[in-house]
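This is what each chain is made of:
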Amino acid sequence: MDKETLAISCKFYKSGSCTRPSYSKFCRTGQEEPVCIDYITHTDFSYSEFVQNYLLPNYPCILSPSFTEGWLSRCQWVTKDGSPDLEALAKRFREAIVPVANCDIKQYNANPKEHIPLKKYISYWKDYSQSECTSPRDCLYLKDWHMHRAFPNHGLYATPIFFSSDWLNEYWDSIEVDDYRFVYMGPKGSWTPFHADVFHSYSWSANICGRKKWLLFPPGQEDFLRDCHGNLVYDVTATSLQNHEQYPHYSKCCFPIEVNQEAGEIIFIPSGWHHQVYNLEDTISINHNWLNGYNVAFMWNFLQKELRLVQQEISEWKETMDNWHDHCQVIMKSCSGIDYKELYYFLKTVAENRIHFLEGTSEDLSSSVTAVPPSLSILGPWQAVFDLNRVADVLSSLIENEEFKQLDTEEFCPQPTCLLASIKEAKDAAL
């Protein structure tokens with residue numbers, strides 16, 4: 001990040017009064033021409049341009065195959081005719097245990113999963129394709145496989161610089177619990193139901209081979225796709241949406257943006273953009289969820305809404321249940337994957353990594369914090385300053401939050417106010 005991009009970004013968020021550009025250009029409701037998202041062809045497109053055109057306004061785009069042409073996965077996982085090389089995959093990852101979803105069964109608003117050896121899934125896939133996409137086992141889709149975590153030295157792809165400021169995986173790598181880097185692979189006809197990504201994070205998805213169709217909806221449109229009980233629709237192509245009594249607000253919804261993603265292309269899905277995805281042919285993709293200073297406020301807003309929903313659900317026990325606020329946090333974490341305490345430690349990890357980067361030393365890092373992430377070496381000190389600005393904004397809001405005040409923070413190290421003071425000191429020194 002250069003100093004000009006830092007200034008533009010900080011001005012955008014100044015005093016917490018940022019107003020994002022409208023999503024109206026993406027909302028087609030009548031006979032207008034179909035909406036297209038931007039297509040970035042040249043690899044010399046700068047990080048600064050990406051920030052200003054896509055991260056700040058929260059707009060989607062597609063990167064051309066030029067951005068993935070050097071990836072080993074596009075050679076080693078693909079046959080000469082462009083199909084998935086199932087033999088090569090079985091040979092390299094034969095005994096790996098992978099999660100597989102049944103696309104033909106609805107379980108709540110998702111598909112049930114099982115974990116099986118990759119070799120077993122490859123055998124199923126071959127039989128499914130040879131049987132003209134039919135099987136007594138239904139349509140199975142390998143998704144959310146943590147290949148990077150299981151094989152960290154794979155060397156099969158490289159995260160593009162636009163997506164390299166990734167607080168989400170930086171934090172989960174530091175506590176060695178989880179990550180949000182996935183491989184998806186499945187036959188023609190496999191699909192993912194309507195959803196927004198975890199924590200309302202960003203996602204990027206690169207087609208190693210095959211083609212996908214994406215149905216995208218700008219933030220806010222999902223409210224028109226809820227039934228009379230407030231539940232999101234499972235399939236945005238379902239005829240049941242035409243039932244006004246069941247979906248009373250559907251008539252207000254815009255048409256989806258249809259994007260056909262070709263082999264080698266990378267699609268960027270911004271925060272809060274709900275989507276539904278189909279594999280138009282046998283397809284393999286690499287997908288990351290990620291958070292950074294440009295969308296951390298989306299995460300914070302999402303978590304506040306999640307907590308309010310939990311509190312509403314168990315409000316009748318507020319006066320009679322011991323530690324009611326703590327129970328709300330536990331339930332929220334079980335549903336969304338994080339609570340306010342972990343949010344604090346997430347922000348703490350990000351902040352300390354950047355403070356030590358700006359100090360030029362890591363000798364004082366606590367045992368819970370990993371080495372300074374490589375992305376900072378690429379994006380530089382102005383990125384670290386921007387990140388600290390955004391951590392400070394969210395941390396300040398967290399400290400003032402009434403629900404956060406209900407938590408026992410005596411054992412937090414450092415104390416939230418002390419961390420905020422350290423961030424300010426580091427920023428002042430850097431500037």
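Placed above this text is the structure.
Residues numbered from 1 in each chain as written. Predicted model: local features only at pLDDT ≥ 70, side-chain atom pairs only at ≥ 80, totals over all residues. Heavy atoms only, no water.

1. What about the packing of aromatic side chains?
Scanning the model with the defined rule gives 47 aromatic pairs in all. Three or more aromatic residues link up through ring pairs in this structure, and these residues are Phe-45, Phe-50, Tyr-54, Phe-67, Trp-71, Tyr-157, Phe-162, Phe-163, Tyr-202, Trp-204, Phe-268 and Trp-290. Directly above the ring of Tyr-278 sits Lys-213, whose terminal nitrogen or CZ lies 5.5 Å from the centroid. Stacked on the ring of Tyr-13, the Lys or Arg Arg-390 has its end atom at 3.9 Å from the ring centre. (Phe/Tyr/Trp six-rings, centres within 6.5 Å; stacked < 30°, edge-to-face > 60°. Lys NZ or Arg CZ within 6 Å of the ring centre and 35° of its normal.)

2. With respect to the pattern of salt bridges
Considering all chains together, one arrives at 17 salt bridges under this definition. One salt bridge in this structure joins Glu-87 and Lys-126, with 2.4 Å as the shortest N-O distance. Taken together, the positions of Glu-87 in helix 4 (residues 86-93) and Lys-126 in helix 5 (residues 118-130) put the pair 39 residues apart, joining distant regions of the chain. When its relative accessible area of 51% is taken as the criterion, Glu-87 is described as exposed. Asp-387 is paired through a salt bridge with Arg-354; the nearest N and O atoms lie 2.6 Å apart. Here Asp-387 is found in helix 12 (residues 381-400), whereas its partner Arg-354 is found in helix 10 (residues 340-359), with 33 residues between them in sequence. Considered together, Asp-387 and Arg-354 belong to a single accessibility category, that of buried residues. Residues joined by salt bridges that share partners form a network here, namely Arg-94, Glu-95 and Lys-119. (Salt bridge = Lys/Arg side-chain N within 4 Å of Asp/Glu carboxyl O. Helix = DSSP H or I, 4+ residues; strand = E, 2+ residues; numbered from the N terminus. Buried < 20%, exposed > 50% of the residue type's maximum accessible area, 1.4 Å probe, protein only.)

3. Some remarks on helix 7 (residues 167-175)
For helix 7, the buried fraction is high: seven of the nine residues fall into the buried class. Within helix 7 the residues assigned to the buried category are Trp-167, Leu-168, Asn-169, Glu-170, Tyr-171, Trp-172 and Ser-174. Elements that come into contact with the buried residues of helix 7 comprise strand 6 (181-186), strand 13 (283-290), helix 8 (296-313), helix 10 and helix 12. Sitting at the amino-terminal end of helix 7 is Asp-166, which places a side-chain oxygen 3.2 Å from the backbone nitrogen of Leu-168. (Contact = heavy atoms within 4.5 Å. Polar contact = N/O pair within 3.5 Å; in protein donor to acceptor, adjacent residues only side chain to side chain.)

4. Things to note about the state of the cysteines
Counted under the stated rule, the structure contains zero disulfides. In this structure Cys-209 is a free cysteine whose sulfur lies 12 Å from that of Cys-75, the closest cysteine sulfur available. (Disulfide = S-S within 2.5 Å.)

5. What about the sheet that holds strand 2 (residues 61-63)?
The strand order across the open sheet formed by nine strands is 1-2-11-8-13-6-5-3-4, and the pairing between neighbours is mixed. Two strands close off the open sheet at either side, each with one partner strand: strand 1 (38-40) and strand 4 (113-117). Pairs of neighbouring strands in the sheet enclose a mean axial angle of 25 degrees, with direction left out of account. Here strand 1 runs beside strand 2; their pairing, made up of three bridges, is parallel. Bridge pairing in strand 2 links Ile-40 to Leu-63. (Pairing = 2+ DSSP bridges. Axes fitted to C-alpha atoms, helices over the stretch in contact; angles between N-to-C directions.)

6. Details of the nonpolar core
Of all hydrophobic cores here, the largest spans 130 residues; its most connected members are Phe-50, Trp-77, Trp-145, Met-185, Tyr-294 and Phe-346. Sort the elements by how many residues they give to this core and helix 12 lands first, with nine residues. If near-sequence neighbours (up to four positions away) are discounted, Trp-145 is found in contact with Phe-93, Ala-96, Ile-97, Val-98, Pro-99, Leu-118, Phe-151, Arg-181, Phe-182, Val-183 and Met-185. (Core = buried A, V, L, I, M, F, W, Y, C linked by side-chain atoms within 4.5 Å.)

7. A look at the side chain of Thr-5
Tracing the sequence through the fold places Thr-5 in helix 1 (residues 3-13). Thr-5 gets classed as buried once you look at its relative accessible area, which sits at 1%.

In short, shape yes, function no, at least from these values alone.
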